[in-house]
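An overview of the molecular structure
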Amino acid sequence: MECLNGGDFKRNKKLQERKKKVEKLKQFKKIVMVEPVYLSEKGRKEISKFCKELVSFDAQPQSENELIERIGDADCILVSPTTIVSKKVIDKCKNMKFINMCCSYYGAKYAKVDTLYAEKKGIAYSYLKDYGDNGVVEYTISSVVDLCHGIHGKKWKKDVNDLTAIKVGILGFGSLGTKIANAFNNFGTKVFYFSKTRKPQFENDMIKYLPLDELLKKSDVISINLNRDVCLIGGDKLQLFGNGKVLINTSIGHCYEKEPLRNWLKNPKNFYVCDACSINDDVDLLEFENVCYLDRSCGVTKQTLERATEQTINNLKNFLKN
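Presented here is a report on the structure given in the accompanying data block. As the structure is a prediction and not an experimental result, all values here were calculated from the model. (Residues numbered from 1 in each chain as written. Predicted model: local features only at pLDDT ≥ 70, side-chain atom pairs only at ≥ 80, totals over all residues. Heavy atoms only, no water.)

**Quick notes on the overall build of the protein**
The secondary structure content of the protein amounts to eleven helices and twelve strands. The globule rule puts the C-alpha radius of gyration for 322 residues at 20 Å, and the 25 Å found for the protein is more than 25% above it. Here the C-alpha coordinates of the protein stretch approximately 85 × 55 × 35 Å along the principal axes. When burial is assessed residue by residue, the protein has 44% of its 322 residues classed as buried. Relative to all contacts within the protein whose residues are 6 or more apart in sequence, the contacts with residues 24 or more apart total 59%. (Helix = DSSP H or I, 4+ residues; strand = E, 2+ residues; numbered from the N terminus. Rg over C-alpha atoms; globule rule 2.2 N^0.38 Å. Buried < 20%, exposed > 50% of the residue type's maximum accessible area, 1.4 Å probe, protein only. Contact = heavy atoms within 4.5 Å.)

Below, the structure is given as structure tokens:
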């Protein structure tokens, strides 16, 4: 047992008091969840430790003035992808220091939060990254396997094939694109990718970079994993891609031209795989029997919620720490 003399005891006591004081300072005065956010119940309880007051609302604000009223004197807010945090909101809520977006961020052009104005006013913001990737990878792989084997009634080719028999082209080679490439690679599938930035560190005998047109010609399956509204699939590109092929779209926004896609789908040997996030407003595409549709986001799982919650909490911690 360690024995402390009087001086040591006083020093330790002062250090403990100083530590408590620092910890006390590392809190928000008030956090407001201005609407339902993607966060577990356990996460909500955890977040209460980072503020003196936590206020949450279970419905979206119906107007800008209602949003301003909800935020009030809060120095931190949590928002989902739906509520618009405009210049007016930022100007009216003068105590706001941190905006935690409980969603992905596709740049200032698409964000409901005016991030450029927030930066100008010295307000920090954060967002979630790659938290739903695993579900998207699994959906992509399982959709191809399903069509190869005809498991749910829609069969791609006359013969049943395994994944070593096909060539997959990936459009967009960020975090998600590389995970999909590696997943197919593990099954012995030949993979090509196209990206605005070539990434030789991921290339090997089975994963190769190709220019877009060459990739379209050589691929049996295309997996679209592009940033929001980056359109690479037009009529001329679908002609290069050809028929008897599978097009998988898990991107948000219009990465395709609708009418050329409709015309391509008139060939029953072509298949289009998408989910509730990638269908956009083009629900009339579902009239085609060769469309394989998941009526929810393919990236949403129990683990997605856990990762989103963990990132949200870490974003709060990092802001307070820095």
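Read on, since the account is not over.
**Quick look at a nonpolar patch on the surface**
A surface patch of nonpolar side chains, amounting to about 250 Å² of accessible area, comprises Val283, Leu286 and Tyr293. By the secondary structure assignment, Val283 is in the loop between β11 (271-275) and β12 (291-294). (Patch = residues over 30% accessible without salt bridge, like charges linked within 9 Å, V, L, I, M, F, W, Y side chains within 5 Å. Areas by Shrake-Rupley, 256 points an atom, 1.4 Å probe, with all protein chains shown as cover. Salt bridge = Lys/Arg side-chain N within 4 Å of Asp/Glu carboxyl O.)

**Brief notes about the layout of surface pockets**
Taken as a whole, the largest pocket holds about 1600 Å³ of empty space. Secondary structure elements with two or more residues in the lining of the largest pocket: α6 (133-149) and α7 (175-186). Of the voids in this model, the second largest pocket is the one considered here, and its volume is about 210 Å³. Forming the walls of the second largest pocket are Tyr139, Ser142, Ser143, Asp146, Leu147, His152, Gly153, Lys154, Val273, Cys292, Tyr293 and Leu294. If you list the elements that add at least two residues to the lining of the second largest pocket, you get α6 and β12. (1 Å grid on protein atoms, 1.4 Å probe; cavity = no way out; pocket = protein on both sides within 12 Å on 5 of 7 lines; lining within 4 Å. Points joined across faces, edges and corners; volume = space filled by probe spheres on them.)

**Overview of the sheet that holds strand β1 (residues 28-33)**
With parallel pairing, five strands are arranged side by side in an open sheet as β2-β1-β3-β4-β5. At either end of the open sheet lies a strand with only one pairing partner, and these are β2 (51-56) and β5 (124-126). Going across the sheet, the axis of each strand differs from the next one's by a mean of 15°, ignoring polarity. Where β1 lies against strand β3 (residues 76-79), three bridges are found, and the strand directions are parallel. Across the sheet, the residue bridging to Met33 is Leu78, located in β3. (Pairing = 2+ DSSP bridges. Axes fitted to C-alpha atoms, helices over the stretch in contact; angles between N-to-C directions.)

**As for the packing of aromatic side chains**
Scanning all chains against the criterion turns up twelve aromatic pairs. Centroid distance Phe173 to Tyr193: 4.0 Å. Interplanar angle 15°. Geometry classified as stacked. Taken together, the positions of Phe173 in the loop between β6 (167-171) and α7 and Tyr193 in strand β7 (residues 190-194) put the pair 20 residues apart, joining distant regions of the chain. For the pair Phe173 and Tyr193, one class covers both residues: buried. Among the aromatic residues, those joined into a ring-pair cluster are Phe173, Tyr193, Phe194, Phe202 and Tyr209. Stacked on the ring of Trp156, the Lys or Arg Lys157 has its end atom at 4.6 Å from the ring centre. (Phe/Tyr/Trp six-rings, centres within 6.5 Å; stacked < 30°, edge-to-face > 60°. Lys NZ or Arg CZ within 6 Å of the ring centre and 35° of its normal.)

**Some details on the side chain of Asp282**
In this structure, Asp282 sits in the loop between β11 and β12. Within the local environment of Asp282, its side chain forms a polar contact with the side chain of His254, the two groups lying 3.1 Å apart. Every residue in contact with Asp282, bar those within four places of it in the chain, is listed here: His254, Tyr256 and Lys258. (Polar contact = N/O pair within 3.5 Å; in protein donor to acceptor, adjacent residues only side chain to side chain.)

**Notes on the packing of α6 against α7**
Across the interface, α6 lies against α7 with an axial gap of 10 Å and an inter-helix angle of 40°. The orientation of α6 with respect to α7, classified from their angle, is oblique. The handedness of the crossing between α6 and α7 is right-handed. Only Ser175, Leu176, Lys179, Ile180, Ala183 and Phe184 of α7 make contact with α6, whose side of the interface consists of Asp133, Asn134, Val136, Val137, Thr140, Ile141 and Val144. Residue composition of the contact of α6 with α7, by class: eight nonpolar, three polar and two charged. (Parallel < 35°, antiparallel > 145°, perpendicular 65-115°, else oblique. Left-handed = near helix turned anticlockwise from the far one by under 90°. Nonpolar A, V, L, I, M, F, W, Y, C, P; charged D, E, K, R; others polar.)

**Structural notes on the environment of Cys102**
Looking at the secondary structure, you find Cys102 in the loop between β4 (98-101) and α5 (115-120). Taking the C-alpha atoms as reference, Cys102 lies 7.8 Å from Leu39; in sequence the two are 63 residues apart. Once you skip the residues sitting within four places of it in the chain, Cys102 turns out to touch Val37, Tyr38, Leu78, Val79, Leu128 and Thr312.

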